Amino acid sequence: TNIKITKNITKKVKDKLDAISLKFKKQHKGIRFLIRKSGTEPVIRILVEGKDLNKVKNISSILNYEIKNLING
């Protein structure tokens, strides 16, 4: 998933992104997360992988919501 960035990402926001990523990694063992700022576009790229497709979709949706609110809210 890509989330378009509409504001500058400050150090404080970056730290909060890292905290969200860490929180999800601790809560959801067996699910792989990758959250990073694109080097070529003004977007945050989010990758969620796991064996249970429904769980991956649910977690991805929650993660997208939290990150959208953080970076553009």
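In this text, all values refer to a predicted model and were calculated from it rather than measured experimentally.

> How would you sum up the sheet that holds strand β1 (residues 2–4)? Please name residues and give values.
As summarised here, the arrangement of the 3 strands in space is β1-β3-β2, forming an open sheet in which the pairing is antiparallel. Where the open sheet ends on each side, the last strands, each with one partner, are β1 and β2 (32–37). Put simply, the sheet's adjacent strands are angled 15° from each other on average, direction ignored. Its contacts with the sheet place helix α2 (residues 53–72) against β1, β2 and β3 (43–49), and it is angled at close to 160° to β3.

> So what's going on with the layout of surface pockets? Residues and values would help.
Volume-wise, the largest pocket comes out at about 150 Å³. Within the residue set of the lining of the largest pocket, elements represented by two or more residues are α1 (11–27) and β2. Looking at side-chain class alone, the lining of the largest pocket contains 6 nonpolar, 1 polar and 5 charged residues.

> Summarise α2; cite the residues concerned and give the values.
For α2, built from 20 residues, the straight-helix expectation of 28 Å at 1.5 Å per residue is met to within 8% by its first-to-last C-alpha distance of 28 Å. By the burial criterion, the buried members of α2 are Val 56, Ile 59, Ser 60, Leu 63, Asn 64, Ile 67 and Ile 71. Projection of α2 onto a plane perpendicular to its axis shows the buried side chains occupying an angular sector of 145°, all on one side. Of the exposed residues in α2, those oriented more than 90 degrees away from the buried face are Asn 54, Lys 57 and Tyr 65. Against β1, α1, β2 and β3 lie the buried residues of α2. The distance from a side-chain oxygen at the start of α2 to the backbone nitrogen of Asn 54 is 3.2 Å, and the residue carrying that oxygen is Asp 52.

Cut-offs applied
Residues numbered from 1 in each chain as written. Predicted model: local features only at pLDDT ≥ 70, side-chain atom pairs only at ≥ 80, totals over all residues. Heavy atoms only, no water. Pairing = 2+ DSSP bridges. Helix = DSSP H or I, 4+ residues; strand = E, 2+ residues; numbered from the N terminus. Axes fitted to C-alpha atoms, helices over the stretch in contact; angles between N-to-C directions. Contact = heavy atoms within 4.5 Å. 1 Å grid on protein atoms, 1.4 Å probe; cavity = no way out; pocket = protein on both sides within 12 Å on 5 of 7 lines; lining within 4 Å. Points joined across faces, edges and corners; volume = space filled by probe spheres on them. Nonpolar A, V, L, I, M, F, W, Y, C, P; charged D, E, K, R; others polar. Expected span 1.5 Å × (residues − 1). Buried < 20%, exposed > 50% of the residue type's maximum accessible area, 1.4 Å probe, protein only. Arc of directions from axis to C-beta. Polar contact = N/O pair within 3.5 Å; in protein donor to acceptor, adjacent residues only side chain to side chain.

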